[in-house]
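Analysis of the macromolecular model
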Amino acid sequence: MLLCKKIKIEVSQQDAEALEFMQAKCRGLYNWWVMRLRNGERWNLKRAKKSLRESKHYDPELRCVYGKLLAEVYYRLDGAMQAFFRRVKAGEKAGFPRFKPRHQFFTLCYPAMYLEVQGNALILPTGGGGNWGPKRYQNIVAHLTEEPPDHFHEVAASRDARGNYYCSFVYDDAEQGKDDTGKTDKRQKKRKQRPLRADGIVTFDLGIKMLATGYNDQGRFYHIGGFKGYRWHNKQLDKIRSKRDKCKKKSRRYLHLSRVYKRVAEKKRRKQRDCLHKASHLIAGTLAERAVVIGDLSQRQMVMKKQEDETPKERRKRQIRNRLVYNDWGLYSFVQMLAYKCLRFGKELFIVNERDTTKMCHVCKRKKNMPLWQRTYRCENCGLVMDRDENSAVNIYERFFARPGPHTS
Ligand SMILES: [Zn+2]
């Protein structure tokens, strides 16, 4: 299957300038088209691509941008437009393609066949040269800090908030290690197959306090805790921001605190991501059950709506909770990681309706309200006392078998 490896690159000052110049020009072209489409112009990929010649005539600096990158801009916009049309057709929230903001790096997509790896350096072409006139920027030499995958397909150059540059390599994991080089053995050893129980089934309840609580066909529970440090990090971030906002804008201290803020925020994001990767890898790669079942998250209403006459305490509670759901939880990316990792390890992922699974007692099926702070399920009817997430995982397990077959996703 297709996977992606993101590798940090080191570039010279001048090469960084070239990257910045090209991404700014690509973004300009993209935004110019978004503006035209917003004004009611019809989108046609072929015609748009043909208009590049005119655009170059209007802005000769476009000639200094590598042509394949400019072509990619049209495909990217086409992707955004097609997604927009699909959403309109499906009656979802339409969401017209947006302008790309100036403070964000516009990702540059290089098709692989024009790229060249020399040792640990990747050559990223720039525009101009030969028949195309003088080159304003020399080809970029990107020093890779890790080994790139074999036979990669395309490469995207990007920058993070702190100004580090990266190359993301798309590759097929089936094509790896075909060459007779020393590194082959090491790779194969690393990807040892774990024993699988073909009839094994594990269901997971996904939550905020406990990232995933599992229950399997042998009656065993799994508890996978999530990223713990978001409270500490949020406190730090709030403190830094409030300090910064007291300074004069663009002053030395202001800029310094902005940098610190970015660094801490990045660290938090990285830790959180890493945690989700590890948890999904554990479920997809390490556990022996071949089938993994989770609840359908689209049914869940986690975000709190603003009340008409809320007290300051309620307001604070809503803010904390919504920040948790939107910024810190990362459940949606967790499910996506789980989906591709299951595919990769040859497991099946099922998604079942999870309505009322936290409210229902798994023994007598009685329902009762369960506010989020109640961590233990106590059934007044049959006397069941159980962790709320465990109860929910058992409910999902029983629901998975109760639903009409065939049991496929
Ligand atoms: Zn009960």
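Summary of the structure given here. Throughout this description, residue numbers start from 1 for each chain and increase along the sequence as written. Only residues with pLDDT of at least 70 are given local features in this predicted model, and only at 80 or more are side-chain atom pairs given and counted; all residues enter the totals for whole chains, interfaces and linings. Each side-chain value is worked out from all heavy atoms of the structure, with water and hydrogens disregarded.

The next thing to look at is the nonpolar core. When a protein is soluble and globular, its nonpolar side chains tend to lie buried together. We define a nonpolar core as any set of buried Ala, Val, Leu, Ile, Met, Phe, Trp, Tyr and Cys residues linked to one another through side-chain atoms lying within 4.5 Å. The buried label goes to any residue with under 20% of its type's maximum accessible area, the exposed label to any with over 50%, and the partly exposed label to all in between, with areas taken from a 1.4 Å probe on protein chains only. Met-22, Cys-26, Leu-69, Leu-108, Leu-122, Leu-124 and Phe-169 are the most contacted members of the largest nonpolar core, which totals 45 residues. Strands are runs of DSSP state E lasting at least 2 residues, helices are runs of H or I lasting at least 4, and numbering of each runs from the N terminus. If you list the elements that add at least two residues to this core, you get strand S1 (2–10), helix H1 (13–38), helix H4 (67–90), strand S2 (108–111), strand S4 (121–124), strand S5 (140–144), strand S6 (154–159) and strand S7 (165–172). Here the element with the most residues in this core is H1; it accounts for 11 residues. Any pair of residues with heavy atoms lying within 4.5 Å of one another is described as a contacting pair. Sequence-distant contacts of Phe-169, defined by excluding residues within four places in its chain, comprise Leu-3, Cys-4, Lys-5, Ile-7, Leu-122, Leu-144, Pro-148, Pro-149, Phe-152, Glu-154 and Val-155.

A word on the coordination of the zinc ion. Coordination shells were defined by N, O and S atoms within 2.8 Å of each metal, extended to 3.2 Å for Na, K and Ca; water is absent from the atom set, which can make sites look incomplete. Bound to the zinc ion are the protein donor atoms Cys-361 (SG), Cys-364 (SG), Cys-379 (SG) and Cys-382 (SG), situated 2.2 to 2.3 Å from the metal. Considering all four donor atoms around the zinc ion, angles at the metal cover 105 to 115° and the coordination shape is tetrahedral. Counting along the primary sequence, the residues that act as donors to the zinc ion give the motif C-x2-C-x14-C-x2-C. One end of the pair, Cys-364, is in the loop between strand S12 (348–352) and strand S13 (376–378); the other, Cys-379, is in the loop between S13 and strand S14 (385–387), and 15 residues separate them in sequence. Relative accessible area serves as the criterion here: at 26%, Cys-364 is assigned to the partly exposed category. Any site counts as irregular unless it has four donors with all angles between 85 and 135 degrees, making it tetrahedral, or four or six donors with opposite ones more than 155 degrees apart and the rest between 65 and 115, making it square planar or octahedral.

Right, let's talk about the side chain of Arg-27 for a bit. Relative to the helices and strands, Arg-27 resides in helix H1. Put simply, Arg-27 is tucked away with no salt bridge, and the nearest opposite charge, on Glu-20, sits 6.8 Å away. Apart from the residues lying within four places of it in its own chain, the contact partners of Arg-27 are Lys-100, Pro-101, Arg-102, Gln-104 and Phe-106. Charge counting follows a simple rule: Lys and Arg are positive, Asp and Glu are negative, and His as well as the terminal groups are ignored. Any Lys or Arg side-chain nitrogen found within 4 Å of a carboxyl oxygen on Asp or Glu counts as a salt bridge.

Moving on, we get to the environment of Glu-380. Secondary-structure assignment places Glu-380 in the loop between S13 and S14. Its relative accessible area of 67% is what places Glu-380 among the exposed residues. For the pair Glu-380 and Tyr-165, spaced 215 residues apart in sequence, the C-alpha separation works out to 58 Å.

Moving on: the pairing of S4. Side chains of S4 alternate between two faces, with Ala-121 and Ile-123 and Leu-122 and Leu-124 buried alike. Pairing between strands requires that DSSP locate at least two bridges from one strand to the other. Here strand S3 (residues 116–118) pairs with S4 via three bridges, running antiparallel. Residue pairing across strands places Glu-116 opposite Ile-123, the latter belonging to S4. Linkage of S3 to S4, two consecutive antiparallel strands, is achieved through a turn of two residues, within which Gly-119 is found at a positive phi near 65°. In this sheet, S5 lies alongside S4 in antiparallel orientation, the contact comprising four bridges. Directly across from Ala-121, in S5, lies its bridge partner His-143.

Here Asp-389 lies in helix H10 (residues 388–402). Overall, Asp-389 belongs to the buried group, its relative accessible area being 7%. Those residues within four positions of Asp-389 in sequence are excluded, and the remaining contacts are Asp-205, Met-210, Thr-213 and Arg-375.

Where nonpolar side chains cluster on the molecular surface, the patch consists of Trp-32, Met-35 and Phe-99 and spans about 290 Å² of accessible area. For Phe-99, a relative accessible area of 41% translates into the label partly exposed. By definition, no residue in a patch forms a salt bridge, and every one has over 30% relative accessible area; like charges are joined within 9 Å, nonpolar side chains (Val, Leu, Ile, Met, Phe, Trp, Tyr) within 5 Å. To measure how exposed things are, a 1.4 Å probe is used in the Shrake-Rupley method; for residues, cover is taken only from the protein chains shown.

Remark: H1 packs on H4, axes separated minimally by 10 Å, with the N-to-C direction vectors making an angle of 40°. The angle between H1 and H4 falls in the class oblique. The handedness of the crossing between H1 and H4 comes out as right-handed. Each of Met-22, Cys-26, Leu-29, Tyr-30, Trp-33, Val-34 and Leu-37 in H1 lies in contact with H4, whose residues at this interface are Leu-69, Leu-70, Val-73, Tyr-74, Arg-76, Leu-77, Ala-80 and Met-81. Angles here are taken between N-to-C directions and fall from 0 to 180 degrees, while the axes themselves are lines fitted to C-alpha atoms, restricted in helices to the stretch in contact. Any angle from 65 to 115 degrees is called roughly perpendicular, while one under 35 is roughly parallel, one over 145 is roughly antiparallel, and all others are oblique. Handedness of each helix crossing follows the sense of rotation of the near helix against the far helix: counterclockwise by less than a right angle gives left-handed, clockwise gives right-handed.

In this section: helix H9 (residues 331–344). Counted at 1.5 Å a residue, the expected span for H9 with its 14 residues is 20 Å, and the 20 Å between its end C-alpha atoms agrees. The set of residues buried in H9 consists of Leu-331, Phe-334, Val-335, Met-337, Leu-338, Lys-341 and Cys-342. Taken end-on, H9 shows its buried residues confined to a sector of 160°, consistent with a single buried face. Along H9, exposed side chains directed more than 90 degrees from the buried face belong to Tyr-332, Gln-336 and Leu-343. Directly after H9, the chain includes Gly-346, whose backbone phi takes a positive value near 70°. A helix's residues, less one, multiplied by 1.5 Å, set its expected span. Arc definition: directions from the helix axis to the C-beta atoms.

What follows deals with the pairing of strand S11 (residues 289–295). Where burial is concerned, most of S11 is hidden: six out of the seven residues are buried. Where strand S8 (residues 197–206) lies against S11, five bridges are found, and the strand directions are parallel. Within S11, the residue paired with Ile-201 across the bridge is Ala-291. In the sheet, S11 pairs with S12 via five bridges, with the strands oriented parallel. Bridge assignment links Ile-294 to a residue of S12, and that residue is Ile-351.

With that settled, the discussion passes to the sheet that holds S4. If you trace the seven strands from one edge of the open sheet to the other, you get S2-S6-S7-S1-S5-S4-S3, paired in antiparallel fashion. Either end of the sheet is taken by a strand with one partner, and the two such strands are S2 and S3. Across the sheet, the axes of successive neighbouring strands diverge by a mean angle of 35°, strand direction being ignored. Bridge analysis of S1 against S7 gives eight bridges, and the strand direction is antiparallel. Pairing of Leu-2 across the sheet is with Asp-172, part of S7.

By themselves, these are just geometric observations and shouldn't be taken as functional.
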